[in-house]
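# Chain and residue survey
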Amino acid sequence: MVALVAAKDRADTVGTTAAALAALPLVESVMVIDDGSADETATVAAAAGAQVIRLPRNLGKGGAVAAGVAATPHADVYLLVDADVGPTAARADMLLGPVLDGDADMSVAVLPGAGGRGGFGLVRTLAGVGIARACGFRARAPLSGQRAVTAALLRSVDLAPRFGMETALTIDAVRAGARVLEIDVALEHRHTGRTLAGFAHRAGQGRDIVMALAPRLVRARR
């Protein structure tokens, strides 16, 4: 079982995230994919005991995770965790049981509500509505990056670029007949808030999701 952590300029949190994952009994190795960082992300991750892949340029989350999958052909299950969850990454082990026991092909963490620390939920609504229209699945956490997924399933789909990855992965998994289970997990991550930087981040996220949804919604109509 391999934990994959895509990280861009996360020297502040990637170390504690990687260390928490490495301490999980079921995790055989932690791989951090440094997605073109300009800070010490790779150095901090390596110091925390993670294997590190350094991408020469920023590919975005989907491309970074794809690079991690390509580099670990031996894995049978993947645990995908965002680099900013810090020590709460230890709680991601709750996602592993259903997949390792054969009760689910992918489990998705439903995180506690962000309240005023997050945005207004427009991007989340966009992703949720798009998933429902494309495959009929009503996702409680359509944007969650914390997932356990069988290697067979993850390798069978084309990961959408950048922040469209999670939305597309849910759609493609359901369409492939995979069993998707959502689980409440008390993970915490950095919230961008209702600031100019936060709105800019969510605008880019929304753009990536629209690009991932477009071809999948066309196929759904057919």
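Below: a short report on this structure.

About the thresholds
- Starting from 1, residues in each chain are numbered consecutively following that chain's sequence as written.
- With the structure being a predicted model, the display of local features is reserved for residues of pLDDT at least 70 and the display and counting of side-chain atom pairs for 80 or more, all residues being used for whole-chain, interface and lining totals.
- For side-chain calculations, the full set of non-hydrogen atoms in the structure is used, while hydrogens and water are omitted.
- Here a strand is any run of E in DSSP of at least two residues, a helix any run of H or I of at least four, and the numbering for each starts at the N terminus.
- Should DSSP find at least two bridges between two strands, the strands are regarded as paired.
- Orientation is described by lines fitted to C-alpha atoms, with helices fitted over the stretch in contact, and by angles between N-to-C directions that extend from 0 to 180 degrees.
- For every residue, the accessible area obtained with a 1.4 Å probe (protein chains only) is divided by the maximum for its type, and the residue is called buried under 20%, exposed over 50%, and partly exposed between those limits.
- Put plainly, a pocket is an open set of points on a 1 Å grid over the protein atoms alone with protein on both sides within 12 Å along at least five of seven lines, a cavity is a set where a 1.4 Å probe fits but cannot get out, and a lining residue has an atom within 4 Å of a point.
- Grid points are joined across faces, edges and corners, and a volume is the space filled by probe spheres set on the points.
- Any residue outside Ala, Val, Leu, Ile, Met, Phe, Trp, Tyr, Cys, Pro, Asp, Glu, Lys and Arg is labelled polar, Gly included; the first ten of those are nonpolar and the last four are charged.
- Salt bridges are identified by distance alone: a Lys or Arg side-chain nitrogen within 4 Å of an Asp or Glu carboxyl oxygen.
- Roughly parallel refers to an angle under 35 degrees, roughly antiparallel to one over 145, roughly perpendicular to one between 65 and 115, and oblique to any angle outside these ranges.
- Note: crossing handedness is left-handed where the near helix turns anticlockwise from the far helix by less than a right angle, and right-handed where it turns clockwise.
- Contacts are assigned to residue pairs that have any heavy atoms within 4.5 Å of one another.
- Remark: nonpolar core denotes a set of buried residues (Ala, Val, Leu, Ile, Met, Phe, Trp, Tyr, Cys) joined through side-chain atoms within 4.5 Å.

Within the secondary structure layout, R133 lies in helix 5 (residues 122–135). A C-alpha to C-alpha distance of 9.5 Å links R133 and I171, two positions 38 residues apart in sequence.

A few words on the sheet that holds strand 4 (residues 77–80). Taken together, the 7 strands give an open sheet; going across it, the order is 3-2-1-4-6-5-7, and neighbouring strands pair in mixed fashion. Edge positions in the sheet fall to strand 3 (51–55) and strand 7 (180–184), since each has one partner strand and no second. Between one strand and the next, the sheet's axes are offset by a mean angle of 20°, whatever the strand orientation. Here 4 bridges tie strand 4 to strand 6 (residues 147–150), and the two strands are oriented antiparallel to one another. Its bridge partner lying in strand 6, L80 is registered against R147.

A few words now on the pairing of strand 5 (residues 106–110). Burial analysis of strand 5 places 5 of its 5 residues in the buried class, the great majority of the element. Alignment of strand 5 against strand 6, held across 3 bridges, turns out to be antiparallel. Residue M106 lies in a different strand from strand 6, and its bridge partner there is V149.

A full pass over the atoms with the stated rule returns 1 cavity of 30 Å³ or more. When its volume is computed, the largest cavity comes out at roughly 40 Å³. Of all the elements in the fold, those that place two or more residues in the lining of the largest cavity are strand 1 (2–7) and helix 3 (60–70). Within the lining of the largest cavity, the residues separate by chemical class into 6 nonpolar, 1 polar and 2 charged.

What follows covers the pattern of salt bridges. Under the defined criterion, the tally for this structure stands at 9 salt bridges. D105 serves as the salt-bridge partner of R179, at 3.1 Å between the closest nitrogen and oxygen. Here D105 lies in the loop between helix 4 (96–100) and strand 5 and R179 lies in the loop between helix 7 (165–175) and strand 7, a separation of 74 residues in the sequence. Under the relative-accessibility criterion, R179 is labelled partly exposed at 41%. Using a relative accessible area of 19% as the deciding quantity, one classes D105 as buried. Of the charged contacts in the structure, one is a salt bridge between D184 and R140, with a shortest N-O distance of 2.7 Å. Here the residue D184 occupies a position in strand 7, and R140 occupies one in the loop between helix 5 and strand 6, the gap between them amounting to 44 residues. Overlapping salt bridges, with partners in common, bring together K61, D82 and E166 in one network.

Before going further, it helps to spend a moment on the packing of helix 5 against helix 7. The contact between helix 5 and helix 7 brings their axes to 10 Å, and the two run at 20°. By the criterion of interaxial angle, the relationship of helix 5 to helix 7 is roughly parallel. Helix-helix and strand crossings are classified by hand; for helix 5 and helix 7 the assignment is right-handed. Contacts between helix 5 and helix 7 pair A127, G130, I131, A134 and C135 from the former with T167, T170, I171, V174 and R175 from the latter. Classifying every residue of the contact of helix 5 with helix 7 by side-chain character gives 6 nonpolar, 3 polar and 1 charged.

The subject of this paragraph is unusual backbone geometry. The bulk of non-glycine residues show a negative phi, and the bulk of peptide bonds are trans. With phi around 55°, D9 is a residue other than glycine that occupies positive phi space. Within the fold, D9 resides in the loop between strand 1 and helix 1 (14–22).

Ranked by internal contacts, the top residues of the largest apolar core, which has 29 residues, are L21, V27, V30, V32, L79, V81 and L95. Among the elements of the structure, strand 1, helix 1, strand 2 (29–35), strand 4 and helix 4 are those that each provide at least two residues to this core. Examining the composition of this core, we find that 4 residues originate from one element, helix 1, more than from any other. Excluding its chain neighbours within four sequence positions, the residues that come into contact with L79 are M1, V2, A3, L4, L21, L24, V27, A92, L95, L96, R147 and A148.

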